[in-house]
Amino acid sequence: MANQEKIVSLTRTPLFGLAQELKARLTSFGGWEMPVQFVGISREHEAVRNSAGMFDISHMGKFTLQGKDLVSQLQRLVPSDLSRLQPGQAQYTVLLNPQAGIIDDIIFYHQGEDSTGEQKAVIIVNAATTAKDKAWLLQHINSDQVQFQDVSPQKVLIAIQGPKASSCLQPLVKENLAPIKAFGHLEATVLDKPAFIARTGYTGEDGFEVMVDPDIGIILWQNLLNAGVVPCGLGARDTLRLEAAMALYGQDIDDTTTPLEAGLGWLVHLDTKGDFIGRAILERQKASGVDRRLVGLQMQGRNIARHGYQVLSKGVVVGEVTSGTLSPTLGYPIALAYVPTQLASVDQQLEVEVRGKTYPAVVVKRPFYRSTNRVA
């Protein structure tokens, strides 16, 4: 009975009933009851790599912001230079604390100016950190100049991913999707209703994320299902993102890791922007180097390195695995791990402890998999 009560207390997205109808296997994830798989992780993973799959990601936090001073105020909260963005462009970036630790990784969508000259933006954040991110943003932006709205409960978010994502989604969208570049976005019309569409994703494939009202989201999901798009759960989402070496907040990155340690130096634009929270720490790390780095590991065998497993060098513990799986696409185990910088070079030989025994691993280039189908 206790377990049943715990399940009932979990939050559900507006598309939860559709997952139940498809007899999805469910799991608890960050306070939400979510599908972990529908037809099997491997089949769902393969659908995204070779055709098209869709994910209910309505649990993610969704913020809209508007104000004449919007971009300049947000500049202080991230290491990336948001002023470089043109309307219709987006930036993957991170919110930083004063120690340059990552509060969360986010996507900032710059929508340009409205008729009154006010800038508009959408920010998508992780589900488990929505409340924390909201509080941090409200603490640091001037509410008299920037209007902040949390639309998380009012909107459905569906990710359609894979080489056939565009052809499956296009018949349901009034606007032409073809001109949208990677990390491009627009306010569009889906099933004759207003929508926000972005060419972003978390799978390493081409694809779109569509934000609509819940009633339209339900119809959109059903239309995509009828078009042959495979419903996918959190299991395939994790194997896909790990092959693409995309960080998972709370495992690969958190408020104790900096972007430079996590291999996200391309987000840090020290030369083109002014002061921001955590800048002094990143400047010191840039000058003197970091003590540890997040690296990609390929296991030399069939043993899988899981989250929390110890990494060793010549029998001495030197680090820890943050994420690991058997790659469905590549056919061998892969992992991400933090190790000392002097052991972070490609081809470095290491070991991972798996159930009391050590097995060989080698540092490899990231990402583990790179799609040939992605748009520029």
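None of these values were measured; they are calculated from a predicted model.

J.: What is the right way to look at the pairing of strand β18 (residues 349-354) in this model?
T.: Working note: regular strand, side chains alternate between the two faces of the sheet. As paired strands, strand β15 (residues 310-313) and β18 are joined by two bridges and run antiparallel to one another. Note that in β18 the partner of Leu312 across the bridge is Glu351. Sheet topology places β18 next to strand β19 (residues 357-364); six bridges connect them, and they run antiparallel. Its bridge partner lying in β19, Leu350 is registered against Ala361. In textbook terms, the turn of a hairpin is the stretch between consecutive antiparallel strands, and for β18 and β19 this stretch comprises two residues, one of which, Arg355, has a positive phi near 50°.

J.: Would you mind going over the packing of helix α3 (residues 41-50) against helix α8 (residues 234-243) with me for this structure?
T.: The description of two packed helices rests on the angle between their axes and on the distance between the axes. Running from N to C, α3 and α8 point in directions that differ by 50°, and their axes come no closer than 8 Å. Here α8 runs oblique to α3, going by the angle between their axes. In the packing of α3 onto α8, the handedness of the crossing is right-handed. Within the contact between the two elements, α3 uses Ile41, Glu44, His45, Val48 and Arg49 and α8 uses Gly235, Ala236, Thr239, Leu240 and Glu243.

J.: I tried to follow the sheet that holds strand β9 (residues 156-161) on my own but got confused; where do I start?
T.: Paired through backbone hydrogen bonds, the strands of a sheet run either parallel or antiparallel to each other. If you trace the six strands from one edge of the open sheet to the other, you get β10-β11-β12-β9-β3-β13, paired in mixed fashion. With one partner strand each, in any of the chains shown, β10 (185-190) and β13 (230-232) form the two edges of the open sheet. Looking at each pair of strands side by side, their axes are set apart by 30° on average, direction ignored. For β10 and strand β11 (residues 193-198), the ladder comprises six bridges, and the chain directions are antiparallel. Within β11, the residue paired with His185 across the bridge is Ala198. Along the sheet face, α3 touches β3 (53-56), β9 and β13 and points at about 120° away from the line of β13. Sitting on the sheet, helix α7 (residues 214-226) touches β3, β9, β10, β11, β12 (207-212) and β13, and the angle it makes with β9 is about 20°.

J.: Teacher, can you tell me more about the UniProt feature "domain: GCVT N-terminal" (unreviewed entry) in the protein here?
T.: Under the feature "domain: GCVT N-terminal" (unreviewed entry), the UniProt entry names residues 19-271. Taken end to end, residues 19-271 is 23% helix and 32% strand, and its first and last C-alpha atoms sit 47 Å apart.

J.: I tried to follow the sheet that holds strand β6 (residues 102-113) on my own but got confused; where do I start?
T.: With antiparallel pairing, the five strands of this open sheet are ordered in space as β5-β6-β7-β4-β8. The strands lining the two open edges of the sheet, one partner per strand, are β5 (89-96) and β8 (147-150). The average angle at which neighbouring strand axes cross in this sheet is 25°, direction not considered. With six bridges joining them, β6 and strand β7 (residues 119-125) adopt antiparallel strand pairing.

J.: For this particular structure, what's the right way to read the side chain of His45?
T.: Checked against the element boundaries, His45 lands in helix α3. Leave out the neighbours within four places in its chain, and His45 touches Ala236, Thr239, Leu240, Glu243, Pro328 and Thr329.

J.: In this structure, what is going on with the state of the cysteines? I would like to understand it.
T.: One way to say it: the disulfide is the covalent bond shared by the sulfur atoms of two cysteines. If you walk through the whole model with that rule in mind, you get zero disulfides. There is no disulfide at Cys168, and the cysteine sulfur nearest it, in Cys232, is 12 Å away. A residue is classified by how much of its surface remains accessible, and Cys168, at 16% relative accessible area, is buried.

J.: I'm lost on the UniProt feature "binding site: substrate" (unreviewed entry) in the protein in this one. Help?
T.: Under the UniProt annotation, "binding site: substrate" (unreviewed entry) lies at Glu209. By the element assignment, Glu209 lies in strand β12. With residues near it in sequence (within four places) discarded, Glu209 still touches Ile57, Tyr109, Leu157, Ile158, Ala159, Phe196, Ile197, Ala198, Thr200 and Gly201.

J.: It is not clear to me how the packing of aromatic side chains should be interpreted in this structure. Could you clarify?
T.: The way to describe two aromatic rings as a pair is by their centre distance and the angle between their planes. The full count for this structure, using the stated rule, is four aromatic pairs. Summarising the aromatic geometry, the rings of Phe63 and Phe148 are spaced 4.9 Å apart at their centres and angled 50° between planes, so their arrangement reads as tilted. In this pair, Phe63 is assigned in strand β4 (residues 61-67) and Phe148 in strand β8, connecting sequence segments 85 residues apart. Side by side, Phe63 and Phe148 carry an identical accessibility label, which is buried. The interplanar angle of 80° and the centroid separation of 5.2 Å between the aromatic rings of Tyr109 and Phe196 together place this pair among those described as edge-to-face.

The rules behind these values
- Residues numbered from 1 in each chain as written.
- Predicted model: local features only at pLDDT ≥ 70, side-chain atom pairs only at ≥ 80, totals over all residues.
- Heavy atoms only, no water.
- Pairing = 2+ DSSP bridges.
- Helix = DSSP H or I, 4+ residues; strand = E, 2+ residues; numbered from the N terminus.
- Axes fitted to C-alpha atoms, helices over the stretch in contact; angles between N-to-C directions.
- Parallel < 35°, antiparallel > 145°, perpendicular 65-115°, else oblique.
- Left-handed = near helix turned anticlockwise from the far one by under 90°.
- Contact = heavy atoms within 4.5 Å.
- UniProt positions renumbered as here; feature names shortened; annotations may be inferred.
- Disulfide = S-S within 2.5 Å.
- Buried < 20%, exposed > 50% of the residue type's maximum accessible area, 1.4 Å probe, protein only.
- Phe/Tyr/Trp six-rings, centres within 6.5 Å; stacked < 30°, edge-to-face > 60°.

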